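The primary structure of each chain is shown beneath.
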Amino acid sequence: MNILLKVKIEVFKNFWNRFGIFRRKRNETIRRVLFGVRFRLIFGFSLIFFVFMLILLVITYFYQYNLLLSEKVRSVNNLSKVVGGVFEILLEKSLDSSSLEIESQKRFVESNIENFVNLNEDVLEVVLTDRKGKRVFSRGKKVVSKRILDTISRDNREQIISITVTNAQKSFEKGIYDCRVISLPIQQTSGLLVSVNEDFDRYVKKMYEVGAGTSQRERVYELLRDKYKEFLNEKDKVLSNDIDYLFLNLYRYLKDKDNLVIPRNEMYLLNHRWLLAEKKRIEVGIKEGNLTLVKNSYDKIFQNLSRLREYGERSRFIGFNVVAFNITSLSEEISNNLMVLVIVFLSVYVLSVIIIFVVSRVYVENIKKLESWGIEVSKGNLSAKVEVKSNDEIGRLSDVFNYMLDEIVSRYHLEKFVSKSTVSMIKDKRDKTISLGKVGRKNLAFLFSDVRGFTSFSEKNDPEVVVEVLNTYLDIQARIIKKYKGDIDDFVGDQIMAHFSGEKRADTAVKVAIEIVNSIKKLNEERQKEGLPTFEVGVGIHIGDVVVGNVGSEFRMDFACVGDAVNTCSRLCSVAKPMEIIASKDIIEKSSKNFNYQKIPPIPLKGKEYPYEVYSVIP
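Since this is a predicted model, take the numbers as computed values, not measurements.

## Quick notes on the overall build of the chain
And step 1. In terms of helices and strands, the chain carries 17 helices and 13 strands.
And step 2. Expressed as a percentage of the 619 residues in the chain, the buried residues total 38%.
And step 3. Considering only contacts in the chain between residues 6 or more positions apart, those separated by 24 or more positions represent 67%.
And step 4. On the chain, roughly 39,000 Å² of surface is accessible, and the fraction owed to carbon and sulfur atoms is 55%.

Quick look at the structure:
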């Protein structure tokens, strides 16, 4: 019984060991492969494929939907063109058609709409309205409510409105239907208003643009008077034989017939008084020879009549052609098309996964060869070779590994024949190719800047705070030095050592020193406002010859400037008071002397036999 139990436990462990459940993690240095190359290829392909399929399905859905909806709009537009010219007879009051003609046209409209409904099974209702959205004529099931018509009438443009029709609203069919209401504005294509605007453009506008004589204006007047005599008031003789007054009367007639919509504040345009006043100004201008007055009056007349013409163009809108479509069947058709597309995509996906699985096998086997080779080498078998025959990146990598192992073996065997002392000697000899000693002699300007009072501050505060504050003051100085292309030789505690080269190095060193002091002052003002500790700097500047070279030891060296000029500048910095710039006589003499400075008593410096002549630079 115990043996059988042990066997079961061992089988269970072996099974789960394949999935890494009981592996030892403490001493294991090679990670387990949880998601291999084959899995990643299939997963990556699947992710890309499904995202692509989703995007394509969405695009296909909206494309088919918009295509079918555009087809519906096109058919409604065709219907509007067919019935629009006739429908205006039912609304256009200025057309003196007999009741028999109107009834005939009405039957024509009904016939065309009936045919449209019969040919389009998804049409629920067709409605014709006036410009105010009032229902004038309708056919089909009553699904377009007054609220929808009010919404449409707010803007005389093409609109597509979504509505939902349920059997609770209308009992024509059971179920819930997704509908689209398409509204297209109907414009007058004939009638008095259209004719008047066309003649205004043909005659009046042309005459005002190119000019016309009295005889030409009289001929045009006679022509238009005969054409519109039934709409003109023969008793009105205010301005006889005047083409401008003729058009003003025609627009007044259209307004009286409610075919011309004009805002209340523009109603004065229909009054003949303004026209009489401008005509009188023209007569006065002609008598006085004032051509400017004549031109301005003609322009005013044309401008006012053009505004009436524009209102007439806007008034061509006479109503809406509203069609309600049931797009439930349309959506079902699109869904069926998408289902077929999904089946095709899934078939392609399954086939692609099978191909990827088969092709990736070659790559996985080559990777396993590299893995086996690595394990052999780790066991000490330095003669192991990895054999990958494929001409791809993995094959190239196997060649690199073989070459790497050959180089390691060569160096490993070489050290067997060379003693440690010899290796050390070769190393020393190789290092001496970079020799210690001078590289050259240069004349440089030096600047030393020391943060005063910082030592006591560092004793009383945590190291983190000390470093943060010190970096603030050093950073602002280092940026100024970099700005003027100086070289920072070293940071020694809270002190900066920098040097400057170039033709105007003396001026540069003075400028940097002044800008450092001014920047520190500004920084201290900001820190005082925030209640932070502040510090001051003392700056020393000097110029002189130094030796530039490698100093240190054969195993640790530095590229440095060495000479009396460096020491002198350091000591000038040490004697400078807080926020003071101490400059040597040498650097002042070699500068352009465009700075504010004053000579101060000579000061003794360590290593100098006599007191040193110095100046105080005033920032």
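## Focus: the state of the cysteines
A covalent bond bridging the sulfur atoms of two cysteines is what the word disulfide describes.
And step 1. For the coordinates displayed, the defined rule picks out zero disulfides.
And step 2. Here C573 stays unpaired: no disulfide links it, and the sulfur of C569, its closest cysteine neighbor, is 7.2 Å away.
And step 3. The class of C573 is buried, set by a relative accessible area of 0%.

## Thoughts on the packing of aromatic side chains
The geometry of an aromatic ring pair is captured by the separation of the ring centres together with the interplanar angle, meaning the angle of the planes.
And step 1. For the coordinates displayed, the defined rule picks out 14 aromatic pairs.
And step 2. Look at Y473 and F535: their rings are 5.7 Å apart centre to centre, the planes differ by 85°, and that puts the pair in the edge-to-face class. Here F535 lies in the loop between α15 (505-529) and β9 (536-552) and Y473 lies in helix α14 (residues 463-483), a separation of 62 residues in the sequence.
And step 3. Judged by its relative accessible area of 0%, Y473 falls in the buried class.
And step 4. Overall, F535 belongs to the buried group, its relative accessible area being 6%.
And step 5. Pairwise contacts between aromatic rings join F200, Y208, F247, Y298 and F302 into one cluster.

## Details of the confidence of the model for the chain
And step 1. Taken as a whole, the chain shows an average pLDDT of 78; of its residues, 80% reach a score of 70 or greater.
And step 2. The lowest-confidence element of the chain is helix α12 (residues 420-431), averaging 40 in pLDDT; the highest-confidence one is α15, averaging 93.
And step 3. Low confidence marks residues 167-172, where pLDDT is under 50. Its contacts with residues over four positions away, or in another chain, come to 10 contacts.
And step 4. Throughout residues 416-431 the model reports pLDDT below 50, and contacts reaching past four residues in sequence, or to other chains, amount to two contacts.

## Some words on the packing of helix α5 (residues 192-210) against helix α9 (residues 291-314)
And step 1. It is the contact of α5 with α9, at a shortest axis distance of 10 Å, that shows an interaxial angle of 155°. Relative to α9, the element α5 is oriented roughly antiparallel. Between α5 and α9 lies a crossing whose hand is left-handed. Across from L193, N197, F200, D201, V204, K205 and Y208 in α5, the residues of α9 making contact are Y298, I301, F302, L305, S306, R309, G312 and E313.
And step 2. The residue makeup of the contact of α5 with α9, split by class, is eight nonpolar, three polar and four charged.

Here is what the cut-offs are and how they apply
- Residues numbered from 1 in each chain as written.
- Predicted model: local features only at pLDDT ≥ 70, side-chain atom pairs only at ≥ 80, totals over all residues.
- Heavy atoms only, no water.
- Helix = DSSP H or I, 4+ residues; strand = E, 2+ residues; numbered from the N terminus.
- Buried < 20%, exposed > 50% of the residue type's maximum accessible area, 1.4 Å probe, protein only.
- Contact = heavy atoms within 4.5 Å.
- Areas by Shrake-Rupley, 256 points an atom, 1.4 Å probe, with all protein chains shown as cover.
- Disulfide = S-S within 2.5 Å.
- Phe/Tyr/Trp six-rings, centres within 6.5 Å; stacked < 30°, edge-to-face > 60°.
- pLDDT = per-residue confidence, 0-100.
- Axes fitted to C-alpha atoms, helices over the stretch in contact; angles between N-to-C directions.
- Parallel < 35°, antiparallel > 145°, perpendicular 65-115°, else oblique.
- Left-handed = near helix turned anticlockwise from the far one by under 90°.
- Nonpolar A, V, L, I, M, F, W, Y, C, P; charged D, E, K, R; others polar.

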